[in-house]
Amino acid sequence: MYQLPARVKRIILYVRKSRQEELEEQNKDGSDMLERQLEMMKKVLLKFEVPFDWVKEVRSGDSIESRPKFQQVLKDLKAGKYQAIAVRDLSRLGRGSYSDMGVIFDTIHDNRILIIDGTGKVYDTRNQSDERYIRWNMFMAREEYKNIVERLINARYFRASAEGKFMNSKPPYGYMRDKKTKKLVPNPDEAPYVKKIFEWYLEGIGYQGIASRLNKMGVPTRGRKTKTKNNKWVPMVVRGILTNPVHMGDIYFRITERIGNKQVLRPEEEHFIYENAHEPIVSREVWHEVQRKMKDKRKLPLNNDYSPCELASLVVCANCGKKLVRQSSVARYKKSDGTISKYYKEYLYCRGGCGITFKYRDVEEQILNTLSLFKELDTKDIRNYLKAFIESEKEQTRLTNDDKIKTLKRKKESLLARREFIFESFERGDYSSDEFRERRDKIDQEIEFIEKEIELEEQTKNQMVPTSIKPKEFKNRIETVLDTYKILDDKSLKNELLLSVFDHIEITRITKGKGHQSSIFKLKPYFNFNFIA
């Protein structure tokens, strides 16, 4: 029996069922698989004469996320509670994704954890031959698992597609699943709106227009309404309905796959397609006509004018602090005589989740009116306003700088602690001379950079804040800006002019607009210090 190093004070025994054991659940004599595995491993560990604890994972799982007991084991290993882990065989550690395997291996390797298997063999990742064997074993376990899963999934989808069954957990909008046949049937509450969505799109109404109509009609979505989320119709949901072949009676399986945190398209040869699997909501002809129209729309010549518009990077939402962006669209309405009327829309839209919009030209006009108002004020009122504004901004700048300096100092303290750890690790022999120098130099460079950042923040605390106020010059500058803005044709030059006046402008909606009636809002300008001084 292998003699464990003196540093191993306690062992954690981790037992869990394999897929096969989970299916069988019990062996011939009726004893529990986990209990049998636990008793077998206890006999192995007793020979080492080292104290040990054990945990049982009740269910099988391929990922770390699906194994709560193993998550705690990893935390305990990192915390130094155990110096060795015992498993029936190496595959019990996990055969999930390669990233999961990396987490497991790094935890074991970085914390110098030994592995003990069901034969009593001890593996040390610091030993090159053991390391190669463990990596190879984990890789092969993963490949074997992938092959098994792939075969099971392919068989499942092939059988389901042959019978026209819907295998996903949630039916698409417009349908519900028949509990007996497992096939999709039209949902009487939703299917009529799916038909309308296709009809409206062919009439020339875009995604946004359709979403707006559904919201005005009070048509419910599938989402759950909460205090912070209304789950209204949005353009991307409308587009998803228009492009889903399920609405013409077809079922598509395995169209996408998840790689990391992203959903990506699979190659066409991997798709499972079953035509006429259920009752369609729209005809095949209508569905294909919509796809052709969407494709033709993408071929339209693009507007290659990417220059900033007048209010670019200027207007900020008072609710969330996000900058508003310009959006434009062409709405098409069918007249009583059958002709199509076009209506051009241009508005500012908050992308911070507020969903608030303002008519673009109304905001631009209000900004110019605000400047005109300052031009008409007497010098005393301007002086009082600017003095209060400067004091407020000065205090805000000081607080912001102080917060930045505190954050930088905390980072420096963390780097110094890491530097001390590197020196201690080198003294213990954990790092070679080259590794030590490389890690030390990198930390020293980061510390030097942080110190320069702190020095810079200290220097800029009271810079850029005007020390004197000249109301007459301020009024003259505003008059010049207004006159210049009127004669400029280039929207980018207009934007540069406004950005020279304002740092930003805060907008607050007071009442929501309806139809052609505009929203009522108020603006709070924040002038650039350079413009005031």
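In this text, all values refer to a predicted model and were calculated from it rather than measured experimentally.

Calculation notes
Residues numbered from 1 in each chain as written. Predicted model: local features only at pLDDT ≥ 70, side-chain atom pairs only at ≥ 80, totals over all residues. Heavy atoms only, no water. Pairing = 2+ DSSP bridges. Helix = DSSP H or I, 4+ residues; strand = E, 2+ residues; numbered from the N terminus. Axes fitted to C-alpha atoms, helices over the stretch in contact; angles between N-to-C directions. Contact = heavy atoms within 4.5 Å. Patch = residues over 30% accessible without salt bridge, like charges linked within 9 Å, V, L, I, M, F, W, Y side chains within 5 Å. Areas by Shrake-Rupley, 256 points an atom, 1.4 Å probe, with all protein chains shown as cover. Salt bridge = Lys/Arg side-chain N within 4 Å of Asp/Glu carboxyl O. Lys, Arg positive; Asp, Glu negative; His and termini not counted. Charge placed at Lys NZ, Arg CZ, Asp CG, Glu CD. Buried < 20%, exposed > 50% of the residue type's maximum accessible area, 1.4 Å probe, protein only. pLDDT = per-residue confidence, 0-100.

What the five strands build is an open sheet, ordered β2-β1-β3-β4-β5; its pairing is mixed. Each end of this open sheet is capped by a strand with a single partner; those strands are β2 (52-57) and β5 (122-124). Pairwise comparison of adjacent strand axes, ignoring direction, gives a mean angle of 25° for this sheet. Inspection of the sheet shows strand β1 (residues 11-16) paired to β2 by six bridges, in the parallel sense. For Arg16, the partnering residue across the bridge sits in β2 and is Glu57. Contacts from helix α2 (residues 33-46) reach β1, β2, β3 (84-86) and β4 (114-116), with the element oriented near 155° to β1.

Let us look at the sheet that holds strand β17 (residues 520-527). Spatially, β12-β16-β17 is the arrangement adopted by the three strands of the open sheet, whose pairing is mixed. Taken across any chain shown, the strands that pair with only one partner, and hence form the sheet edges, are β12 (315-317) and β17. Across the sheet, the mean angle from the axis of one strand to that of its neighbour is 35°, orientation sign disregarded. Across three bridges, β12 lies against strand β16 (residues 502-511) in parallel orientation. From the neighbouring strand, Cys317 faces β16, where its bridge partner is Ile507. Here helix α10 (residues 360-376) sits on the sheet and contacts β12, β16 and β17; the angle it forms with β17, its principal contact strand, is near 55°. Strand contacts of helix α14 (residues 491-501): β16 and β17, with the helix running at about 95° to β16, the strand carrying the most contacts.

A separate point is the environment of Asn244. Relative to the helices and strands, Asn244 is located in the loop between α8 (235-243) and β8 (251-253). Those residues within four positions of Asn244 in sequence are excluded, and the remaining contacts are Pro172 and Trp287.

A word on a positive patch on the surface. A cluster of basic residues, Lys232, Arg509, Lys512 and Lys514, forms a positive patch on the protein surface. By the element assignment, Lys232 lies in the loop between α7 (207-216) and α8.

Here we take up the pairing of β16. Here β16 runs beside β17; their pairing, made up of eight bridges, is antiparallel. For Ile507, the partnering residue across the bridge sits in β17 and is Leu523.

Take the pattern of salt bridges next. Counted under the stated rule, the structure contains 16 salt bridges. The partner of Glu310 in a salt bridge is Arg361, and the shortest N-O contact between them spans 3.4 Å. A residue pair is termed long-range when its members are at least 10 positions apart, and Glu310 in the loop between α9 (284-298) and β12 and Arg361 in helix α10 qualify at 51 residues. For Asp434, the salt bridge goes to Arg437, with nearest N and O atoms at 2.7 Å. Of this pair, Asp434 and Arg437 both sit in helix α12 (residues 433-459), three residues apart, roughly one helical turn. The exposure class assigned to Asp434 is exposed, which follows from its relative accessible area of 56%.

For the rest of this paragraph, the subject is the confidence of the model for the protein. With 79% of its residues at a pLDDT of 70 or more, the protein shows a mean pLDDT of 79. Within the model, pLDDT remains below 50 along residues 26-31, and this stretch shows five contacts once partners closer than five positions in the same chain are excluded.

Of the positions making up α14, those classed as buried are Ser492, Lys494, Asn495, Leu497, Leu498 and Val501. Of the surrounding elements, those touching the buried residues of α14 are α10, α13 (471-487), β16, β17 and α15 (529-532).

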